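For reference, the chains in residue letters:
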Amino acid sequence: MRALTLVADRKIEVLDVPEPAAPQGGEVQLRIKAVGLNHLDVWGWRGMAFAKRKLPLVVGVEAAGEIAGVGAGVTDLKVGDRVVGYGGLTCGVCKACREGRDNLCENVAGVMGFHVDGFARDLLNMPARRVIKVPDGVAFRDAACAPIAFGTVQHMLFDNARLEAGESILVQAGGSGIGTTAIKMSKAVGATVYTTVGDDEKIAKAKALGADHVINYRTDRFASVVRKLTAKKGVDVAFEHVGPDTFNGSLLCLKRGGRLVTCGSTSGQSTDINLFQLYLQQYRIIGSFGCTIKNVHESLAKMAGGLTPVIDTEVPLANVADALARLEGRKVFGKIIVTF
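Residues numbered from 1 in each chain as written. Predicted model: local features only at pLDDT ≥ 70, side-chain atom pairs only at ≥ 80, totals over all residues. Heavy atoms only, no water.

J.: What's the story with the sheet that holds strand β2 (residues 11-16) in this structure? I'm lost.
T.: Hydrogen bonding along the main chain pairs the strands of a sheet, whether they run parallel or antiparallel. Taken in spatial order, the three strands make up an open sheet running β2-β1-β4, and their pairing is antiparallel. Each of the sheet's edge strands pairs with one partner strand only, and the pair in question is β2 and β4 (57-58). Bridge analysis of strand β1 (residues 2-8) against β4 gives two bridges, and the strand direction is antiparallel. Paired with Leu-6 across the bridge in β4 is Leu-57. (Pairing = 2+ DSSP bridges. Helix = DSSP H or I, 4+ residues; strand = E, 2+ residues; numbered from the N terminus.)

Here's what the structure looks like:
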């Protein structure tokens, strides 16, 4: 069978590998139909010093497919069911897992597609407890965005930032996979959305998603524009995932008592902040990583209700290297989907 495999830094190949054995007790076998690409894939492709892993490595951190086999003891899934997989290697028994806080598992063994073999292969076996059914009417390409792109945003906006109707939010990098999702989810609950993009072509696209104010960060100082548009009051929430290039500007955009939620740092790993500003303005800075299995269910329900991901391009398995380069170069507007 085919497996999209990272064999060296920036070198990815489609290899022919043995099919998995029949699923064991408590397991199901997935036949993959679509894989969503994320910046986590880009980091893995580049080669990151902090990633404890061995090459070759099957890539793909989120995907959708169908059940191809069921092991003993699995009663809630059957062959032919359309599903997505939760890629965090959680233990399922620690206090956090028992409470549904899967992304805070005390014994997590890594992330599929980054630390260990991932989803980008024709067939794989995994525990049934980490497999979620896809509602009727949700396409594979959309469902493939649920575990990371949608789930991450769901967790950030509503579990952590507690965004409410009538509030305002600044979404950084509004043309990215999670940026486009954050715009749509924020508008769906009645928030006013300010967002940044990297070129004028993306301005109209972001407005078409519902963004109220769109700023080209390459030509304007976004913090100054947001302060002006809000009559110097600032926004309630800043949605961060860019890192040092925008982090302090995002803080400047917050009103007193505002919340900054961050799930990533694509422009670097560290930055300095003004502690005087932090406590005087009573900002709340919230770190958010991944999502829970509940968030994946919530994301799929939103898709079934019509709130679907923005798809930039769909590419065949053989063209993944080009797709990763497009993602790294920030040329995307929405998600890139790899089809099987």
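J.: Any chance you could explain the pattern of salt bridges here in plain terms?
T.: Two side chains that carry opposite charge are able to pair once their charged atoms sit near each other. By the definition in use, this model includes 17 salt bridges. Ionic pairing is found between Glu-13 and Lys-11, a salt bridge with its closest N-O pair at 3.8 Å. We classify Glu-13 as partly exposed; its relative accessible area is 30%. A relative accessible area of 44% places Lys-11 in the partly exposed class. Among the ionic pairs, Glu-298 bridges to Lys-294, the shortest N-O distance being 4.0 Å. One end of the pair is Glu-298 and the other is Lys-294, both in helix α10 (residues 293-304) and four residues apart, which spans about a single turn. Residues participating in the shared-partner salt-bridge network are Lys-78, Asp-81 and Lys-133. (Salt bridge = Lys/Arg side-chain N within 4 Å of Asp/Glu carboxyl O. Buried < 20%, exposed > 50% of the residue type's maximum accessible area, 1.4 Å probe, protein only.)

J.: Sorry if this is basic, but what is going on with the nonpolar core here?
T.: The tendency in soluble globular proteins is for nonpolar side chains to be buried side by side. In terms of nonpolar packing, the biggest core is built from 46 residues, with Val-84, Leu-157, Ile-169, Phe-239, Val-296 and Leu-300 touching the most fellow members. For this core, the secondary structure elements donating two or more residues are α4 (146-160), β9 (168-171), α5 (177-188), β10 (192-197), α6 (201-208), β12 (235-240) and α10. No other element matches α4, which puts seven residues into this core. Listed in part, the 33 residues of the second largest apolar core include Leu-30, Val-59, Ala-63 and Val-332. (Core = buried A, V, L, I, M, F, W, Y, C linked by side-chain atoms within 4.5 Å.)

J.: Looking at this structure, I do not really get α10. What am I missing?
T.: Each full turn of the α-helix corresponds to 3.6 residues, which orients residues three or four apart in the same direction. Its 12 residues give α10 an end-to-end C-alpha distance of 17 Å, which sits within 8% of 16 Å, the value for a rise of 1.5 Å per residue. On the buried face of α10, the contacting elements are β6 (82-85), β8 (131-133), α3 (140-143) and α4. (Expected span 1.5 Å × (residues − 1). Contact = heavy atoms within 4.5 Å.)

J.: What is the right way to look at the packing of α4 against α10 in this model?
T.: Packed helix pairs are specified by the crossing angle of their axes together with the interaxial distance, meaning the distance between the axes. Viewed as axis vectors pointing N to C, α4 and α10 meet at an angle of 100°, and their least axial separation amounts to 8 Å. In this view, α4 runs roughly perpendicular relative to α10, as classed from their interaxial angle. Contacts from Ala-146, Pro-147, Phe-150, Gly-151, Gln-154, His-155, Phe-158 and Asp-159 of α4 reach α10 at Asn-295, Val-296, Glu-298, Ser-299, Leu-300, Lys-302 and Met-303. Class assignment for the residues of the contact of α4 with α10 results in seven nonpolar, five polar and three charged. (Axes fitted to C-alpha atoms, helices over the stretch in contact; angles between N-to-C directions. Parallel < 35°, antiparallel > 145°, perpendicular 65-115°, else oblique. Nonpolar A, V, L, I, M, F, W, Y, C, P; charged D, E, K, R; others polar.)

J.: Please clarify how a nonpolar patch on the surface should be interpreted in this entry.
T.: A contiguous nonpolar patch, built from Ile-273, Leu-275, Phe-276, Tyr-279, Leu-280 and Ile-285 and spanning about 590 Å² of accessible area, is present on the exposed surface. Per element, the largest residue contribution to the nonpolar patch is four residues, and it comes from helix α9 (residues 275-280). In this structure, Tyr-279 sits in helix α9. Residue Tyr-279 is classed as exposed on the basis of its relative accessible area of 57%. (Patch = residues over 30% accessible without salt bridge, like charges linked within 9 Å, V, L, I, M, F, W, Y side chains within 5 Å. Areas by Shrake-Rupley, 256 points an atom, 1.4 Å probe, with all protein chains shown as cover.)

J.: Even after reading the chapter, I still don't get the layout of surface pockets, so can you show me in this structure?
T.: Empty pockets left among the atoms are what a rolling probe the size of a water molecule brings to light. Each pocket or cavity is described by its volume, and for the largest pocket that value is around 980 Å³. Lining of the largest pocket is provided by 41 residues; of these, Leu-40, Trp-43, Cys-263, Phe-289 and Gly-290 occupy positions nearest its centre. When contributions to the lining of the largest pocket are tallied by element, the ones reaching two or more residues are α1 (39-46), α4 and α5. If you tally residues by element for the lining of the largest pocket, the top one is α1, at four residues. Looking at side-chain class alone, the lining of the largest pocket contains 18 nonpolar, 20 polar and three charged residues. When its volume is computed, the second largest pocket comes out at roughly 330 Å³. Along the wall of the second largest pocket there are 23 residues; nearest its centre are Ala-173, Ser-176, Lys-202, Tyr-217 and Arg-330. (1 Å grid on protein atoms, 1.4 Å probe; cavity = no way out; pocket = protein on both sides within 12 Å on 5 of 7 lines; lining within 4 Å. Points joined across faces, edges and corners; volume = space filled by probe spheres on them.)

J.: In this structure, what is going on with empty space enclosed by the protein? I would like to understand it.
T.: Applying the stated criterion across every chain yields a total of two cavities of 30 Å³ or more. As a volume, the largest cavity reaches approximately 70 Å³. Of all the secondary-structure elements, those providing two or more residues to the lining of the largest cavity are α1 and α11 (320-328). Residue composition of the lining of the largest cavity, by class: 10 nonpolar, one polar and one charged. Computed from the structure, the second largest cavity encloses a volume of approximately 40 Å³.

J.: So what exactly am I meant to see when it comes to the pairing of strand β15 (residues 311-316) here?
T.: Two faces make up the sheet, and in a regular strand the side chains alternate between them. Alignment of β15 against strand β16 (residues 335-339), held across five bridges, turns out to be parallel. By the bridge assignment, Pro-316 is partnered in β16 with Thr-339.

J.: What is the right way to read the environment of Asp-81 from this model?
T.: You can see Asp-81 is positioned in the loop between β5 (62-70) and β6. Of the residues examined, Asp-81 reaches a relative accessible area of 10% and is grouped as buried. Residues Asp-81 and Ile-67 lie 14 residues apart in sequence; the distance between their C-alpha atoms is 5.3 Å. When near neighbours in sequence (up to four residues on either side) are disregarded, Asp-81 contacts Gly-65, Glu-66, Ile-67, Asp-76 and Lys-133.

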